[in-house]
Amino acid sequence: MNRVYRFAVWAILTAGWMTAAAQSSRNGYSLPPEGRLHALVIYAAFSDRPAHTSEVWPSGRLPRYASGLFDARPEIPADAPFVNLTQYFWEMSGGGFVFTADYLPRLFQIPAAGLSSFQQANTRLIDSVNRWLEKHPERALTPLFDRWTIGKPYHPKTPVPNGKWDFIIVVYQNGNTLPWIGAAGGVWMDFSHPLQGRTADNCFVLTQSHVSPYPINILVHEIAHGLLGGNAYHAMGAAAGGELRYGNTVQFGMHRGWGMLGGNDFFQTINAWERDRLGWHPEGARIVRIHPDSLPNGDTLLRLRDFITIGDAVRIYLPHTQNPRQYIWLEAHLKWSPFDRRWQEPEMKGCIEDRLPPAVYAYYQIGIDNPTILRPAWTDFLFPISAEGNWDYEVESQTRMICYAGHPENVLRKVRPNPLSGYNDFRYLFFDVGTPDHPEGDGQILANRHPSGKATHGNNLCYTTSRSTALQACDARPVPGNGGNIDVVQPYAERIGNSVYIWHSWGPEDAFTVGRAMGIDGNPTAAGVFFRGGHRREGNGYVAAPALRPIILNGLYVAVVDRSDTDFSVYVSYRRKTLQRPQRWAGGAIHVVDTFTVRSRLVIDRSGTPNACFPYTSTGDFMPVTHVKVRPGGGLIVGKKGRIIIRKDAVLDIDSAALLDVKSGGKIVVNGGELRLPERYQKWVGRTWWQRLFSPIRTRSGGKVVVYSEASGESPRRGRESNVR
């Protein structure tokens, strides 16, 4: 009996372990990521609500794209010409996922009276569909719509029928006219009301408000949720409103990126992280994973072929990052695939032209590199990297101009490079507009308010690179047949002259073409992206959790050095640890773990970019102090003609086990900031003017103690703090 009991316990524990081990993103969330899936599409409208019509979807009729949204043939040879979403998922999956669909050839019109939810609407709709199918038995659903046993999320899907329809997609023409729907683009829901006697494993409901006028983008996005997971998998600008919420804190987010779950007004191809997550690597693709230990000589030269059609990609580990680890992904987009361009969709008017050249595109990955870790701790864990770098912006003037959607805007300009915590063309540009009493800024960030009182998330902005630029009106055209709503902005409105942009400002300057690079003395760097972890609530009060993820500097250097008709050549090195050009470090906690040589001008400064709100109001956080910590094993060598300048609200803090070596001709200037040195490095700075004159460390504006150590072999003498004015 005892042995039986022990066996039962072992069996239970083993079964639990096997169940846990079976969970993986490679299994897909609620949809199978491989094999053949056949869905049913139902088009519907509310008969007692105003029609939301367009040239693409006339009132009372099926949309013109109904027969072309998917390929309806359920059995397709691998070399068949696909169309639209069937072709999309075939190409993104490397041929492993064949997603087809058929539709019922009728627009089902139901009254909205008495309804208060999508679930109730679906019940009424399915009753109508069932009645129609009874009269049209030739349209009865076949076993092709039931091929899978789905099971639990992230568990293996079995290609065996289970008596449920695999996937139902409902598209409402005028659902956005109902107050309980509003502008919702689409939702996943339970399909509990039987269609021909069967419920469904998956159901997605889409409203016309986000179908303007062709729904391929939003369907790509929503189907990807069924493959990857819920809203926590939003990445590269797809988080709601461009903001990342952590309880009562708002992280100012992005508005441009790419990927199935990326910001979908960029090109909406899959990205390498998503492919890796699903195991969608085309046959013959080269996936290179670079770590310092994998490069015996510290550098390598790679050739990247087209990512979408061939599948090559590079993932580079950022040194010293742990919990979570951070990486940089590189993808070469030669623009061979029509889905890798801003393609002209059928019947779509005014589509944005493709402004993104064939180039290497790069982005950061923060954590979730294990496919068995299924729920990210935050959204937007993929951050696109702009080859133009990151910048601080300021309000150039209180002049308002019509940029977008017909209301006035502020004008911004780039004022200084901020590689570690600034904004770029992929970010919403939040700013401090100021007031008449405080024209220089009042500390109130326009996170959710507009000077006119209208709500905004900061995206409707113009900015200019020069105060002398003559500002002109930004132009935007309404989409024909869309009630005058401006859904698409023409490319000519994105750049006026040489310096004025509107919010659709991404373009060739953001792509890594030949000659573009990232490194410690450039903009962008390869040091990772600033990220705020938020706050936590305890009781009736708020307690700050670790709010800043330290920016850990490294010697990684990535450069695009050549291009042929078939690939790009990319040079990667971990050994670039010399600042040969002027650089500015700003933004919260910055950690120096390696030893860097400064041979130019390094300014340690306060960031001029707001990065979070706490609590969830319009009050923004500019990170009041930049704290550069040289940690044990790290160091700074100030070479001849090298300068480190520490400005107000900035600290350079040298650990007792770190190196500070100021060579002859190098200097550290404490210009209102603070230099913190351990006792073993302190050396008395003379009280006379000539002793201070020849010290390699200078202070101005009441800077703190002026002490230093030279690599001269002599033992530093103990000193004391002294204020020098």
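Reading the values: the criteria
The residue numbering used here restarts from 1 in each chain and proceeds along that chain's sequence as written. Reporting of local features is limited, given that this is a predicted model, to residues whose pLDDT is at least 70; pairs of side-chain atoms are given and counted only at 80 or more, and all residues count toward the totals for whole chains, interfaces and linings. Water and hydrogen atoms play no part in the side-chain values, which are based on all heavy atoms of the structure. For the purposes of this entry, the term helix denotes a DSSP run of H or I that reaches at least four residues, the term strand denotes a run of E that reaches at least two, and both are numbered from the N terminus. Only protein chains enter the area calculation, which uses a 1.4 Å probe; residues under 20% of their type maximum are buried, those over 50% are exposed, and those in between are partly exposed. Pairs of N or O atoms within 3.5 Å make up the polar contacts considered here, provided that, within protein, one atom can donate a hydrogen while the other can accept it, and that residues adjacent in sequence are counted only when both atoms are side-chain atoms. Residue contacts are defined here by distance: any two heavy atoms, one from each residue, within 4.5 Å place the two residues in contact. Stacked, edge-to-face and tilted labels apply to pairs of Phe, Tyr and Trp rings (six-membered ring for Trp) whose centres lie within 6.5 Å, assigned for plane angles under 30 degrees, over 60, and everything in between, in that order. When the NZ atom of lysine or the CZ atom of arginine is within 6 Å of a ring's centre and also within 35 degrees of its normal, the charge is said to sit over that ring. Here the rule is simple: two strands pair whenever DSSP picks up at least two bridges between them. Between N-to-C directions, angles cover 0 to 180 degrees, with each direction set by a line fitted to C-alpha atoms, over the stretch in contact for helices. Each reported salt bridge corresponds to a side-chain nitrogen of Lys or Arg within 4 Å of a carboxyl oxygen of Asp or Glu.

S.K.: What should I look at first to understand the side chain of N271 in this one?
M.R.: Mapped onto the secondary structure, N271 falls in the loop between β9 (249–252) and α5 (272–278). Assessed through its relative accessible area of 0%, N271 is described here as buried. Polar contacts involving the side chain of N271 include one to the main-chain carbonyl oxygen of W258, which spans 3.1 Å. In terms of polar contacts, N271 uses its side chain to reach the backbone amide nitrogen of W273, at 3.2 Å. Excluding its chain neighbours within four sequence positions, the residues that come into contact with N271 are M236, W258, G259, F307, E331, Y363 and L382.

S.K.: Looking at this structure, how should I read the packing of aromatic side chains?
M.R.: For any pair of aromatic rings, geometry is given as the distance between the ring centres together with the angle between the planes. Under the definition given, this model contains 26 aromatic pairs. Taken together, a centroid distance of 4.9 Å and an interplanar angle of 55 degrees make the contact between W273 and F381 tilted. Of the two residues, W273 is situated in helix α5 and F381 in the loop between β14 (359–366) and β15 (382–385); the sequence distance between them amounts to 108 residues. Each of the two residues, W273 as well as F381, counts as buried. Through successive ring pairs, a cluster of aromatic residues spans F70, Y88, F89, F97, F99, F167, W188, F204, W280 and F339. Lying over the aromatic face of F108, R106 brings its terminal NZ or CZ to 5.7 Å of the ring centre.

S.K.: Can you walk me through the sheet that holds β15 in this structure?
M.R.: In a beta sheet, neighbouring strands are held together by backbone hydrogen bonds and run either parallel or antiparallel to one another. Strand order across the open sheet formed by five strands is β10-β12-β13-β14-β15, with mixed pairing between neighbours. Single-partner strands in this sheet number two, and they are β10 (287–290) and β15. Each neighbouring strand pair of the sheet contributes to a mean axis angle of 20 degrees, computed without reference to strand direction. As paired elements, strand β12 (residues 313–317) and strand β13 (residues 326–333) share four bridges and run antiparallel to each other. Bridge pairing links V314 to L330 in β13.

S.K.: What am I meant to see in helix α2 (residues 84–92) here?
M.R.: Note that an α-helix has 3.6 residues per turn; residues three or four places apart therefore point the same way. The element α2 is largely enclosed, with a buried count of seven among its nine residues. In the core, the buried residues of α2 are packed alongside β2 (97–110), α4 (216–228) and α5.

S.K.: Looking at this model, I keep getting lost on the pattern of salt bridges. Mind explaining?
M.R.: Between side chains of opposite charge, a pair can form as their charged atoms come close. Within the structure shown, the criterion is met by 18 salt bridges. Between D312 and R305 there is a salt bridge whose closest N-O contact spans 2.8 Å. By relative accessible area, which is 0% here, D312 ends up buried. Members of the salt-bridge network, linked through shared partners, are D392, R416, R584, D605 and R647.

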